[in-house]
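Fold and contact review
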Amino acid sequence: EKQLIGESARPDKEMTEYQAQSAMFAARMKLAHKTLNDLEMQGTSARGAVAATIPVVGNMLQSPDYQQYRRAKEGFLNALLRRESGAVIADSEFAKYDKEYFPQPGDDPKVIADKRAAREAALSGMIRGAGAKYGMTPTDMRAAAAPAAPSAPAGGAKPQTPADLRKLYNLE
């Protein structure tokens with residue numbers, strides 16, 4: 001199995017800074033992705049899209065579902081693009097990725113499904129970048145970091161030979 005750049009293949013190692021950042025961004029993307037999937041068709045709302053362009057009162061013209069969808073979309077994109085660029089995200093870049101990952105008014109159902117798959121691939125990549133500890137609880141992390149207790153030879157006998165000791169400590 002290939003190891004990704006910045007990924008620890010073993011959960012008993014500390015997370016790198018890259019992995020910790022990826023884990024934080026993956027958690028944000030995952031939370032947003034659930035909302036996006038639940039409210040995905042809100043992205044095709046022409047009324048919501050037009051209202052989003054109206055300063056000051058535009059938000060009042062959007063449905064609560066569209067507002068939730070828009071917030072999740074912005075959260076997903078902010079996490080994805082911040083990981084990629086690490087800097088301020090230009091409006092043009094945000095607009096480009098909005099069209100790439102999210103349903104737009106007039107999108108065909110197949111295009112909407114393709115955009116959902118693209119979001120899932122982006123989320124999956126972020127999770128892989130977070131390494132083996134992504135999603136582990138603090139208890140899981142402590143257990144992974146604890147040295148494994150050596151098992152006694154069969155029959156409970158004490159190791160007598162160097163070969164017994166190598167087996168006992170998995171040195172073979």
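Residues numbered from 1 in each chain as written. Predicted model: local features only at pLDDT ≥ 70, side-chain atom pairs only at ≥ 80, totals over all residues. Heavy atoms only, no water.

Concerning the packing of aromatic side chains
Under the criterion given, the structure shown has five aromatic pairs. Measuring from centroid to centroid gives 6.3 Å for F76 and Y101, while their planes differ by 55°, and the two rings are tilted. A residue pair is termed long-range when its members are at least 10 positions apart, and F76 in helix α3 (residues 64–85) and Y101 in helix α4 (residues 91–101) qualify at 25 residues. Assigned by exposure class, F76 and Y101 land together as buried. Consider the rings of Y97 and Y101, whose centres lie 6.0 Å apart with planes at 10°: the pair is stacked. Of this pair, Y97 and Y101 both sit in helix α4, separated by four residues, roughly a single helical turn. There is no split in this pair, since Y97 and Y101 are both buried. Through a chain of ring-to-ring contacts, the aromatic side chains of F76, Y97, Y101 and F102 assemble into a single cluster. (Phe/Tyr/Trp six-rings, centres within 6.5 Å; stacked < 30°, edge-to-face > 60°. Helix = DSSP H or I, 4+ residues; strand = E, 2+ residues; numbered from the N terminus. Buried < 20%, exposed > 50% of the residue type's maximum accessible area, 1.4 Å probe, protein only.)

Considerations on the packing of helix α1 (residues 17–38) against helix α5 (residues 109–130)
Remark: α1 packs on α5, axes separated minimally by 7 Å, with the N-to-C direction vectors making an angle of 155°. Comparing their axes, α5 and α1 come out roughly antiparallel. Crossing geometry of α1 relative to α5 is assigned as left-handed. Listed contacts from α5 to Y18, Q19, S22, A23, F25, A26, M29, K30, H33, L36 and N37 of α1 are R116, R119, E120, A122, L123, M126, I127, G129 and A130. (Axes fitted to C-alpha atoms, helices over the stretch in contact; angles between N-to-C directions. Parallel < 35°, antiparallel > 145°, perpendicular 65-115°, else oblique. Left-handed = near helix turned anticlockwise from the far one by under 90°. Contact = heavy atoms within 4.5 Å.)

Remarks on the pattern of salt bridges
Summed over all chains, the structure comprises seven salt bridges. Of the charged contacts in the structure, one is a salt bridge between E40 and R116, with a shortest N-O distance of 2.7 Å. Here R116 lies in helix α5 and E40 lies in the loop between α1 and α2 (46–52), a separation of 76 residues in the sequence. With a relative accessible area of 7%, E40 lands in the buried category. Classification of R116 by relative accessible area gives partly exposed; the value is 27%. We note a salt bridge from K73 to D98, for which the minimum N-O separation is 3.3 Å. Highlighted residues: K73 in helix α3 and D98 in helix α4, separated in sequence by 25 residues. Put simply, E40, R116 and R119 are held in one network by salt bridges that share partners. (Salt bridge = Lys/Arg side-chain N within 4 Å of Asp/Glu carboxyl O.)

Quick notes on the packing of α4 against α5
Packing of α4 against α5 leaves a shortest axis separation of 7 Å and a crossing angle of 115°. Viewed along their axes, α4 and α5 adopt a mutual orientation that is roughly perpendicular. Two secondary-structure elements touch here, α4 through K99, E100 and Y101 and α5 through K115, A118, R119 and A122. For the contact of α4 with α5, a count of residues per class yields three nonpolar, no polar and four charged. (Nonpolar A, V, L, I, M, F, W, Y, C, P; charged D, E, K, R; others polar.)

Focus on the environment of R71
Relative to the elements of secondary structure, R71 occurs in helix α3. Between the C-alpha atom of R71 and that of T35, which follows or precedes it by 36 residues, the distance is 9.3 Å.

Quick notes on the side chain of H33
As for its placement among the helices and strands, H33 is situated in helix α1. The exposure class assigned to H33 is buried, which follows from its relative accessible area of 8%.

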